[in-house]
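Here are the chains, one letter per residue:
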4 protein chains.
Amino acid sequence: MKFRTKEEYHADLRAMRPNVFKNGRFIEDIVTDPDTKTLIENESLTYELLQNPEHDAILKAKSTLSGETVARWHTLMTCPEDLMMYGKLKKLHFHHTGVCCAGVCTGWNTFNVLWSVTAEIDEKHGTDYHKRLEAWLRDVELKTYKIGGALTDAKGDRGKKAGQQVTPDVNLRVTEIRDDGIVVNGAKVMIANAAAFHEIICIPGTAYKENEKEFVISFAVPRDAKGLTLVQAEVKEGREGWDAMKYSTMASYLIFEDCFIPKEKVFMCGEWESSGVIISRFTANYRAAIGSCMSGNGDVMLGAAALMARANGLSANVFREKFVDMQMIGNLVYGLGLGAMLAGEKHPSGTFYADPTLAHTNKYYVATSYAELRRICEDVGGGIAETGCLPNYKDCTDPVMGPKIMKYVKGNSELSAETRARAARLSEWFTSGGGTMAFIHGGGSPDGARVVVRLNTPVDEYVKYAAGIAGITEKVEDPAPKK
Amino acid sequence: MKFRTKEEYHADLRAMRPNVFKNGRFIEDIVTDPDTKTLIENESLTYELLQNPEHDAILKAKSTLSGETVARWHTLMTCPEDLMMYGKLKKLHFHHTGVCCAGVCTGWNTFNVLWSVTAEIDEKHGTDYHKRLEAWLRDVELKTYKIGGALTDAKGDRGKKAGQQVTPDVNLRVTEIRDDGIVVNGAKVMIANAAAFHEIICIPGTAYKENEKEFVISFAVPRDAKGLTLVQAEVKEGREGWDAMKYSTMASYLIFEDCFIPKEKVFMCGEWESSGVIISRFTANYRAAIGSCMSGNGDVMLGAAALMARANGLSANVFREKFVDMQMIGNLVYGLGLGAMLAGEKHPSGTFYADPTLAHTNKYYVATSYAELRRICEDVGGGIAETGCLPNYKDCTDPVMGPKIMKYVKGNSELSAETRARAARLSEWFTSGGGTMAFIHGGGSPDGARVVVRLNTPVDEYVKYAAGIAGITEKVEDPAPKK
Amino acid sequence: MKFRTKEEYHADLRAMRPNVFKNGRFIEDIVTDPDTKTLIENESLTYELLQNPEHDAILKAKSTLSGETVARWHTLMTCPEDLMMYGKLKKLHFHHTGVCCAGVCTGWNTFNVLWSVTAEIDEKHGTDYHKRLEAWLRDVELKTYKIGGALTDAKGDRGKKAGQQVTPDVNLRVTEIRDDGIVVNGAKVMIANAAAFHEIICIPGTAYKENEKEFVISFAVPRDAKGLTLVQAEVKEGREGWDAMKYSTMASYLIFEDCFIPKEKVFMCGEWESSGVIISRFTANYRAAIGSCMSGNGDVMLGAAALMARANGLSANVFREKFVDMQMIGNLVYGLGLGAMLAGEKHPSGTFYADPTLAHTNKYYVATSYAELRRICEDVGGGIAETGCLPNYKDCTDPVMGPKIMKYVKGNSELSAETRARAARLSEWFTSGGGTMAFIHGGGSPDGARVVVRLNTPVDEYVKYAAGIAGITEKVEDPAPKK
Amino acid sequence: MKFRTKEEYHADLRAMRPNVFKNGRFIEDIVTDPDTKTLIENESLTYELLQNPEHDAILKAKSTLSGETVARWHTLMTCPEDLMMYGKLKKLHFHHTGVCCAGVCTGWNTFNVLWSVTAEIDEKHGTDYHKRLEAWLRDVELKTYKIGGALTDAKGDRGKKAGQQVTPDVNLRVTEIRDDGIVVNGAKVMIANAAAFHEIICIPGTAYKENEKEFVISFAVPRDAKGLTLVQAEVKEGREGWDAMKYSTMASYLIFEDCFIPKEKVFMCGEWESSGVIISRFTANYRAAIGSCMSGNGDVMLGAAALMARANGLSANVFREKFVDMQMIGNLVYGLGLGAMLAGEKHPSGTFYADPTLAHTNKYYVATSYAELRRICEDVGGGIAETGCLPNYKDCTDPVMGPKIMKYVKGNSELSAETRARAARLSEWFTSGGGTMAFIHGGGSPDGARVVVRLNTPVDEYVKYAAGIAGITEKVEDPAPKK
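Model, not experiment: these values are computed from the prediction.

Concerning the relation of the copies chain A and chain D
- Expressed as a screw transformation, the operator carrying chain A onto chain D has a rotation angle of 180° and an axial translation of 0.0 Å, and the superposed copies differ by an RMSD of 0.0 Å. Such values leave the two copies arranged in the relation of a two-fold axis. Rotation axis and chain A: the residue whose C-alpha lies nearest the axis is S432 of chain A, separated from it by 2.0 Å.
- Here 100% of the interface residues in chain A have copies in chain D that are interface residues too; the copies meet face to matching face.

This is how it looks when you write it as structure tokens:
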């Protein structure tokens, strides 16, 4: 199969309707605009890697639909090893960019979940969602598209249910069901890298009740569809020269205003009983593989720390144990995720889902140990890499003051002042800048993960074992809560 | 197949030569002697479970040798799922006993490693070790034997190599090679539960050099072989009534004095080049699965904590988050171990070995997080469960003082004083008594695990990634160490 | 002043009524009995140190009552520096014994609290408790007595209040008020080292309500008073040779049966409004100084770890960073306690009390970081120091088997086998034996400490600051809890 | 005394020579320029507080020089309680601004150290530095000046000593000694808030040897002195509307080019033997009090987290335990710092210095636990507060798109969209923006702190205690390092 190239991808983006908003205007050329070029550079990388046979084992696989060799991110995950490759692909991407590859990750996970869920819905309701999904997937697979998934609704007040909402559209909803499709209104928010996608698949963001059917919708939509506007979030980084990195992640608000979705791209509409299982399968695989992301991220943070150390004239050997600490954290979240995969279960429709308890455990550790990676990276780097300690690119390259500043940026280092400045910016970017990934809440919060683990902690069973070992024969029940 | 019963197992033990030494004498009836009965009770459990079809999925499997359904702990591990069942069996055992089942674990792991190593040696040296091993394994499989592995030599001074030893025998060695077998002298120390085994397989405890061939020996030996004496370690627990628990782990020194090993049970003799690979495969699988042990252990510690809380009149709900903390740790080490399995590799001989880096990472977390389980268990239990806070069984059941003491042990509790005392002893046993497992050094120290992770941290590769992201083109090498 | 000597102290103990029960009998000579001698050796140390001028700065001070130089543990604490010396004395003791010196610590803290509380009660109620206390204190100061404090009641069901108790005496109570004194019944439990005291001061163990006056009693009582029986708790340690250490801590149940307390030794009787303040002042100073105990303990655990490392042939340099980790923990709890002292407040009666919030914060860190000290000590020591790994003293010194065992205990070590065995036992004793101190619940549980910190966290005030910085002018109140 | 007002302070700044460089130009009006106004707002706060009698206990004190009531930050610290007030003043400032008040902190600490060091130098060398310092201090005290301290040299290659430097001026140095003063060249880098000071006192940044005399200089210099240029570091924060906070910390490079310092403001020149003691006293007090900064910072981060939670419709009660975790960390570093103060020592010259070991221990915990504060703050806030998740101020207030965006920023929240956006920005600012303080390396790195603790860990003494407890009589020495 011929795979889409980076150049073709850029041409696709340029051919799209300019519906991406940032800094007071709709962006004309998203590929080169200073506000988005690092994002596009980031999502372009997969196309570059596809052309490099060295990465074929990770990036390509046999399609379960066509039997052809296709981009792996369009194939179904059917066993633990498939899930592991999902993780490995993301880790590879993080190694090269330091940031998130939502364009291969989130869409992939989403259609893989819809695969089993549409099969279940069809069986129950006699619908034909599964066939639609398959047709759509065969198409994007052929085109080597970038596809993303969109889950998160605006909510705002976490204490309120969707049914209680005063502001309409706070959860994305269907406002009209027509013979040829549906009309949707509302928003999906904080959708990573959405501006760089060809298409986006929306799924319900929570488990809904029967009276909340209007929010239970799933569909694919082109990024530049009529009625869809993307607003870019602010990314904290300098814009000029070495104050910015080569790649970035950039989230969008997707605002739907009477956006029409043709029937063949609608995969759910009102089947509220299936909204819960979507979330649980989505999070199981997502949270099993998120450790691969963070471990890839940790590896480059380790590289950034070592780079800074060298620019400070110090050998990696000095920080040996700190590097092991970083690697241990990376291994933890990578390996624990793989464990969730091995302990997973195969669905009759052919797809495979990681074990939820271990996957949520992994999310918990991802969320709680990321801070350590940032801390150690900053610790190794020294004061120069701490935020607010270095003059900016503009001043460092000022014709008059620049040389005076750079004299002291270099100091006694054997490396150039520019290298030292770039290294410092990189560490700062990872520890408190645009390179900080949303590992705490991305894919769900650690508190949510704890709840899943709590529900899977059979205290009474454990008490029974303990009593047996201690030779206790009296019945020991949980006392009623004291007043 | 007919599986050995607990009663048959006890008869086996009683028929053995009394070569187990403890408290100044050789133990007559190891099954009932107060110094060993909890150990035998512990290792008997697997025989009980074998008779209960509820556990068949875990405890039985199809033999790769005979094709029969056999006790799983005699089968080869040939894929990640087999390794996972190795872990699950150990977790099941820990659930019921709170302690280590070395009699199913260590032997199993040992012959599984020898399977591939003997195949390699035979191919290289034209020996027939592999065939001997297979014959031996077919035999123990048929007999449903308890077999253990023995690795650790006495060493003493960790700074000295085996070749430098002043005291002879500090590493177990062959002292005579005969046509019909070999004669060995020396010791293997701290061998968990050895007194309860039918046979023990010894393997080299470290990677040896060419001039250290005498230490490179592997063989199986009956527990009561002539020339072999077992000395039992001291286990810190009360001996009477509820001061002791129902089960225990008990390590032995195995002292070999001119012990003859017939040829057909010798699996290695001098092939020093293979000693390193033994250690690395043994530790890979062992450290991948040790998380299953600790997670099973953690589950019952959680049960013990909940039991004590109830005896203190408090609902588990009060300690909800602490229980989640305990479960998180258990899930971490269980799941990370599974991850090492999934990332493992198949050997041409048919066996499967976990990924060393992830396995050692797991050992590191096992070693460092076990203390947290103990701490939380003690924290939930309250002062009564802390060591040195409760009068002993003898005094609590004293005809005169007993009732006076038990009045205050009970206090206002709605449970009996005895239940409260037993619960307190159980928590104390887990947190600072005989129920404390050697998770820090068992299967190797955390420092050793860190070394493996360090050797698998490609700093230069990571620096290259980092430099690419920051746009650094200057070559950035590690500076020579400063004087 | 002439200070009591160790020999005089032993004579005092021998002259007492044998009311200490252990292992089915009342102990005849508490000084030499194998069940108690390590306890007495422990509490004797302060008398030895008193005779050594090197320690005068810590052990002696000018009495606030007589103006004489007296044992410091009989003086009032009147400023932060006095509190610091309270901590330093305890640290010194831990350095030499590894265990708790309740006989100088708990009584001292108790009368120091009663000093201000009795003054307040007298002012309110016209009683003369303060004068009685002063007279008693002048007396024990003169005699250089060992005095202890006793706080903890039996409770049993933590969910029940004293007033709800079904079993009488679960909280110690007055059962008769006579002109010449009071009669008390009930128990104080888990009183560290009580068998080694001359006198014990009891105080209420919680804040009582008006209808619970009977439990609000404070008094001093000789250890061998009529109507008082001590039951010794079980301490987990071998009894023979090097299986036991030289010193130990040993808690007692104090059982009062119609025990008469003469009027002049009664310091509170029914003044329920003052029971709360006793607890809060007692815990403030106790928890400020408990870090001194744990830091002294940590120092010798560090020493034990280094000792074991040397016996394993390894230089302290190998474990340098682990030792710093241990020392960091020790410094944390020592220093944070001193901080609580500096932030404390002077009472009009002349005594000084540490800041409760910082003191409870310290208790929290003591309770949660002690596990780390144990873990690192075990980690450094290697397998030989883990519990259940070494044969016992009896077997190691067996005429026949002893030499065979000791050959392997020594291994290649350049030190003697005995030193290696003693070192291993010491580490084991600290990490999971009789040397494990009750730092989690001793002086109150970490959960209790967290509650105090929570009550001292002014969230609304902090929100106000935050809103000011962010320029938020809208009123932001805590939402009502969601149903 | 009449204290300088905020308005007078601003007038002072405006009267200065425009030697502050940022974004390609020298700033004209530092008070109102968008690049510096938040910095000036920050340093102005102390002047506002001085006018508010509510804060007199903290902000004012009796001068040790004039006996007048003066701004506390011009008084000498003569006892633990004075040091505690140093901490309290900084905590108060952090409460109101969330950022660092270098203008009261660093100068204060610097002259307090010079007070004792100049006294020692004068005694040794017959110089009159102490008198000069006193005269200068009397003057700034009268004027209620903002004074800063400057310590850090450019270095660059941490492996090289000052004497080995190739690039001249990498350490600030004297290039000419004249009768009326000295001429200096070089730089001090990363000097927090320097642009907001009236005067800056430079001191040597490390311990120098005899052949490095040229670097051993200390002097006070007006911020706008001829020959001195300040280059402002880049601070990562949005510049417009609510993307920026009200206050900021901003570090400068101070570049000295033939800058003349008149004799009466020179406090050291070549007395290399005293350079070490400067560093150790400076760091002792600085690191004892830095916990006060971080605890004040933590308090407002807690407030920011609670604010965000409320904007998300959630009660603080939901996050109760997380808030206690944050407060525990704040209490730890505040209290441990106070402990270092109590354990400090008085210098004959009258000033008081904290205990170095405890102070460095505190710095270590500050550096390692700050990441936890950031993590919990981000955890409580939810996805909206994570970096890169929210559109910027410009877009949120865009006439067309603004309302569409703000509809979803508000969601169901009962608070306004603006409040929710401001709250999110505040949390982001603290966790990965301009509100991230340099607590890891500010005042020295945690590794440096560990070295101090290591040098103060008497392993041999601890081994001696341990051996005594275990009854070991054999001499146990550290083995020579193995080859």
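A look at the sheet that holds strand β9 (residues 217–222) of chain B
Residues and elements named next belong to chain B.
- Taken together, the 4 strands give an open sheet; going across it, the order is β5-β8-β9-β12, and neighbouring strands pair in mixed fashion. Both edges of this open sheet fall to β5 (147–150) and β12 (266–269), since each of them pairs with a single strand only. Averaged over all neighbouring strand pairs, the angle between strand axes comes to 20°, with direction disregarded.
- Here β9 pairs with β12 via 3 bridges, running antiparallel. Within β12, the residue paired with I217 across the bridge is C269.
- Sheet contacts for helix α5 (residues 102–125): β5, β8 (199–202), β9 and β12; angle to β5, the most-contacted strand, approximately 65°.

Topic: the interface of chain C and chain D
- Counting residues at the interface gives 72 residues for chain C, matched by 72 residues for chain D.
- Secondary-structure elements contributing two or more residues to the side of chain C that touches chain D are α4 (80–97), α7 (275–311), α8 (320–342), α9 (356–381), α12 (417–432), α13 (446–455) and α14 (459–470) of chain C.
- Sort the elements by how many residues they give to the side of chain C that touches chain D and α8 of chain C lands first, with 15 residues.
- The residue inventory of the side of chain C that touches chain D, partitioned by class, reads 41 nonpolar, 21 polar and 10 charged.

Examining unusual backbone geometry
- The backbone phi angle of M190 of chain B is positive, close to 55°, even though this residue is not glycine.
- Looking at the secondary structure, you find M190 of chain B in strand β7 (residues 181–192).
- We classify M190 of chain B as buried; it has 23 C-beta atoms within 10 Å.
- You will see that D169 of chain C, though not glycine, has its phi angle at about 75°, which is positive.
- Relative to the helices and strands, D169 of chain C resides in the loop between β5 (147–150) and β6 (173–178).
- Look at D169 of chain C and you get buried, because 20 C-beta atoms sit within 10 Å.

Some remarks on the domain arrangement of chain A
Residues and elements named next belong to chain A.
- With domains assigned, chain A is organised as domain 1 (6–273) and domain 2 (277–458).
- Placing the centre of domain 1 and that of domain 2 at their C-alpha centroids yields a distance of 24 Å.
- Contacts between domain 1 and domain 2 engage 43 residues on the former and 41 residues on the latter.
- If you list the elements that add at least two residues to the side of domain 1 that touches domain 2, you get α4 (80–97) and α5 (102–125).
- No other element matches α4, which puts 12 residues into the side of domain 1 that touches domain 2.
- Taken together, the residues of the side of domain 1 that touches domain 2 sort by class into 21 nonpolar, 14 polar and 8 charged.

Overview of the relation of the copies chain C and chain D
- Relative to chain D, chain C is turned by 180° and slid 0.0 Å along the rotation axis, the superposed coordinates differing by an RMSD of 0.1 Å.
- The share of interface residues of chain C whose copies in chain D are also at the interface is 100%, consistent with both copies meeting through the same surface.

Some details on the interface of chain A and chain D
- Taken together, the contact pairs 73 residues of chain A with 73 residues of chain D.
- Elements that contribute at least two residues to the side of chain A that touches chain D include exactly β1 (20–22), β7 (181–192), β10 (228–232), β11 (251–262), α9 (356–381), α10 (393–396) and α11 (401–410) of chain A.
- Top element by residues in the side of chain A that touches chain D is α9 of chain A. It accounts for 8 residues.
- Across the side of chain A that touches chain D, the residue classes break down as 26 nonpolar, 26 polar and 21 charged.

A look at the packing of helix α9 (residues 356–381) of chain D against helix α12 (residues 417–432) of chain D
Residue and element names in this part refer to chain D.
- Viewed as axis vectors pointing N to C, α9 and α12 meet at an angle of 155°, and their least axial separation amounts to 9 Å. Between α9 and α12, the interaxial angle falls into the category roughly antiparallel. Along this stretch, α9 crosses α12, giving a crossing that reads as left-handed. Taking contact as the criterion, the partners of R374, C377, E378 and G381 in α9 are, on α12, S427, F430 and T431.

What about the confidence of the model for chain A?
- Of the residues in chain A, 98% reach a pLDDT of 70 or more, and the chain-wide mean stands at 94.
- Per the prediction output, this complex has pTM 0.96; the corresponding ipTM is 0.95.

Parameters and conventions
- Residues numbered from 1 in each chain as written.
- Chains lettered and ligands numbered in written order.
- Predicted model: local features only at pLDDT ≥ 70, side-chain atom pairs only at ≥ 80, totals over all residues.
- Least-squares fit on C-alpha atoms with pLDDT ≥ 70 in both.
- Contact = placed C-beta atoms within 7 Å.
- Pairing = 2+ DSSP bridges.
- Helix = DSSP H or I, 4+ residues; strand = E, 2+ residues; numbered from the N terminus.
- Axes fitted to C-alpha atoms, helices over the stretch in contact; angles between N-to-C directions.
- Nonpolar A, V, L, I, M, F, W, Y, C, P; charged D, E, K, R; others polar.
- Buried ≥ 20, exposed ≤ 12 C-beta atoms within 10 Å, placed from the backbone.
- Domains from an automatic or database assignment.
- Parallel < 35°, antiparallel > 145°, perpendicular 65-115°, else oblique.
- Left-handed = near helix turned anticlockwise from the far one by under 90°.
- pLDDT = per-residue confidence, 0-100.

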